[in-house]
Each structure stands twice: as structure tokens, then as C-alpha cells.
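# Commentary on secondary and tertiary structure
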Amino acid sequence: DAGVIQSPRHEVTEMGQEVTLRCKPISGHDYLFWYRQTMMRGLELLIYFNNNVPIDDSGMPEDRFSAKMPNASFSTLKIQPSEPRDSAVYFCASSVRGGYGYTFGSGTRLTVV
Amino acid sequence: QQPVQSPQAVILREGEDAVINCSSSKALYSVHWYRQKHGEAPIFLMILLKGGEQKGHDKISASFNEKKQQSSLYLTASQLSYSGTYFCGTDYTGGGNKLTFGTGTQLKVEL
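Here the residue numbering is sequential within each chain, running from 1 through the sequence in written order. As they are written, the chains are lettered A onward and the ligands numbered 1 onward, keeping that order. In keeping with the predicted nature of the model, local features appear solely for residues at pLDDT of at least 70, side-chain atom pairs appear and are counted solely at 80 or more, and the whole-chain, interface and lining totals rest on all residues. The side-chain figures draw on all heavy atoms in the structure; neither hydrogens nor water molecules are used.

## With respect to the overall build of chain B
For chain B, the count of helices and strands is 0 helices and 11 strands. A helix here means a DSSP run of H or I that spans at least four residues, while a strand means a run of E at least two residues long, and both kinds are numbered starting from the N terminus. Starting at the N terminus, the α and β elements of chain B follow one another as β-β-β-β-β-β-β-β-β-β-β. Radius of gyration here uses only the C-alpha atoms, and the compact-globule reference equals 2.2 Å multiplied by the residue count raised to the power 0.38. Relative to a compact globule of 111 residues, whose C-alpha radius of gyration would be 13 Å, chain B shows 13 Å and is just as compact. Its C-alpha atoms put chain B at 40 × 25 × 20 Å along the principal axes. The buried share among the 111 residues of chain B stands at 46%. Residues count as neighbours in contact if any of their non-hydrogen atoms are within 4.5 Å of one another. Expressed as a percentage of contacts within chain B between residues at least 6 apart in sequence, the contacts between residues at least 24 apart total 55%. Throughout, the Shrake-Rupley method with a 1.4 Å probe supplies accessible areas, and for residues the shown protein chains are the sole cover considered. Per element, the accessible surface of chain B, about 5,400 Å² overall, is 49% carbon and sulfur. Taken as two groups, the 11 positive and 9 negative side-chain charges of chain B have centres that lie 7 Å from each other. Only protein chains enter the accessibility calculation, which uses a 1.4 Å probe; a residue whose area is less than 20% of its type maximum is buried, one above 50% is exposed, and one in between is partly exposed. The charged-residue count follows a simple rule in which Lys and Arg add positive charge and Asp and Glu add negative charge, with His and chain termini not counted at all. Charged side chains are reduced to one point each, which is NZ for Lys, CZ for Arg, CG for Asp and CD for Glu.

Written as C-alpha cells, this is what we have:
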């Protein structure tokens, strides 16, 4: 199994531009999570899905952020418009079901200038 | 409501032992432990459920005291490969689907 696959690995964009991060979870995993990691705030849960349905998006910082999971093998996190304070490493993780360990992707390092 | 980890950082000589603590101000259903090396993704180590169980994984083990709302990770006979940042992830809602990660403990093992 290739694990959780995220793309791109690095993204540098200008303030105001739209950014789309992509994630392919492990096949058979029913849960998908989007986390953001910064030095100041650590690992923060943004949103999670169960069977492609968003369950809890209370961690999404504001309306500029949106996430979708159109099928079991693909999810996107979109930021529009992007701001410098969005600079962080964004991780996608999946889990076979509740109460099991998460497998994280390699992350996308986003820099907004 | 982020769980607090202690110590923040620790340096060990190879072969020494270490304990990392994770304390919560709220009741916990379960605790996850992860290790992250610089520039890499967090790697799952183990999960502990209510009931005060203790688990082991090679020379790394952990305990969970639900009454005290805390968990401890024990690293014995540390190896160079143990270096990294350790995070606890706490489940406050049950179901294990909404983890709140701790502040992290940086561990460095030297020769």
C-alpha cells in the first residue's frame, strides 16, 4: 500500500490566490482528516469526513477554507483567497474507523507570500 | 483545551530511559501517541483506551490513568532512532475521531 498520498509537497503562492491541496487516503479507510501544523499552534484538526461525508468542520478557521470529498479515494482542501497567515504544513490522514490509529500523508508545505 | 505535555524537550544518551507525560484538564476517552521526525509525517505508535491499560511496542510502552486524566509514554534503553517529537492525541468525545494533539515533546538521543 502506498499510504496516504498528498500533493503537492510544496506550494508557494501569492496572497489572494486560490490554493488547492489534494489527498488520496488509504483504500478501505472510512475516515479522512485534514490537519494544519504550525510552530505556534501545533497540530490542529480542520475537518474530518466519514464515508465521504463531512462530520465536523468546526476547526476550519474561516469561510476562506473549504473541503470536499467527492469519493472514497480523493479529497481536496481549498483556500480562497490565501493569506500569509495560512502558511503552514497541511496534513491529510486516514483511519480505518473510529478508535484506530491515523496514517498521515507526507504533508503539503504551503507558503503564502 | 490542548493537552499539556512534559517535558518540552529532553536529551538522552543512547541506552537511557525517558518518560513523557500528557495531561488533560478534561475527561478522556482514549489517548493516541505519535512520533514525528523533522520534515516528516507523524507516525502512529499506540492507542490506549479507558480502563487504565498499559501497552507496549518494542521498548516503548505507555499507560493511561483516566482518573488522573493523564497518560505517560515510557522509552527504555533509548536508541538513536527514537529521536523526534512525540505528540499525544486526546479523544474527548468518544469514537476516536476528533483528536486534540498536545504541545509536543522534543526528544534527542545522542551517542
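## Remarks on the interface of chain A and chain B
Contacts between chain A and chain B engage 21 residues on the former and 17 residues on the latter. Buried area is understood as the total, over both parts, of accessible area removed when two parts are fitted together, assessed with a 1.4 Å probe. Summing the contributions of chain A and of chain B, the shared interface buries around 1,500 Å²; its carbon and sulfur component is 55%. When a carboxyl oxygen of Asp or Glu lies within 4 Å of a side-chain nitrogen of Lys or Arg, that pair is called a salt bridge. Inspection of the region where chain A meets chain B yields 1 salt bridge. When the shortest N-O distance is used, the salt bridge between A:Asp56 and B:Lys98 registers 2.6 Å. Whenever a nitrogen or oxygen atom comes within 3.5 Å of another N or O atom, the pair is scored as a polar contact, on the condition that within protein one atom can donate a hydrogen and the other can accept it, and that pairs from neighbouring residues in sequence are kept only if both atoms are in side chains. Our count for the contact surface shared by chain A and chain B stands at 5 residue pairs in polar contact (both at pLDDT 80 or more). Those elements that place two or more of their residues in the side of chain A that touches chain B are strand E4 (31-38) and strand E5 (42-50) of chain A. Counting residues per element, the side of chain A that touches chain B draws most heavily on E4(A), at 4 residues.

## Some details on the packing of aromatic side chains
All names here are of chain A. Within 6.5 Å between ring centres, the rings of Phe, Tyr and Trp (the latter by its six-membered ring) count as paired, and their orientation is classed by plane angle as stacked under 30 degrees, edge-to-face over 60, tilted in between. Tallied over the full model, the rule gives 14 aromatic pairs over all chains. With a centroid separation of 6.5 Å and 45 degrees between ring planes, the pair formed by Tyr35 and Tyr102 is classed as tilted. Here the residue Tyr35 occupies a position in strand E4, and Tyr102 occupies one in the loop between strand E9 (88-95) and strand E10 (103-104), the gap between them amounting to 67 residues. Exposure class is identical for Tyr35 and Tyr102. Each is buried. Aromatic pair Tyr35 and Phe104: ring centres 5.9 Å apart, planes at 50 degrees, arrangement tilted.

## Concerning unusual backbone geometry
A cis amide bond links A:Ser7 to the next residue, A:Pro8, at an omega of -10 degrees. The step from A:Gln80 to A:Pro81 runs through a cis peptide bond, and the omega angle for that step is -5 degrees. Along the chain, the position of A:Pro81 falls in the loop between strand E8 (74-79) and E9. In this structure, A:Asn52 is a non-glycine residue whose phi angle is positive, near 75 degrees. Here A:Asn52 is to be found in the loop between E5 and strand E6 (53-56). In the Ramachandran plot, B:Ala77 falls in the positive-phi region, its phi being about 50 degrees despite a non-glycine side chain. Within the secondary structure, B:Ala77 sits in the loop between strand E8 (70-75) and strand E9 (84-91).

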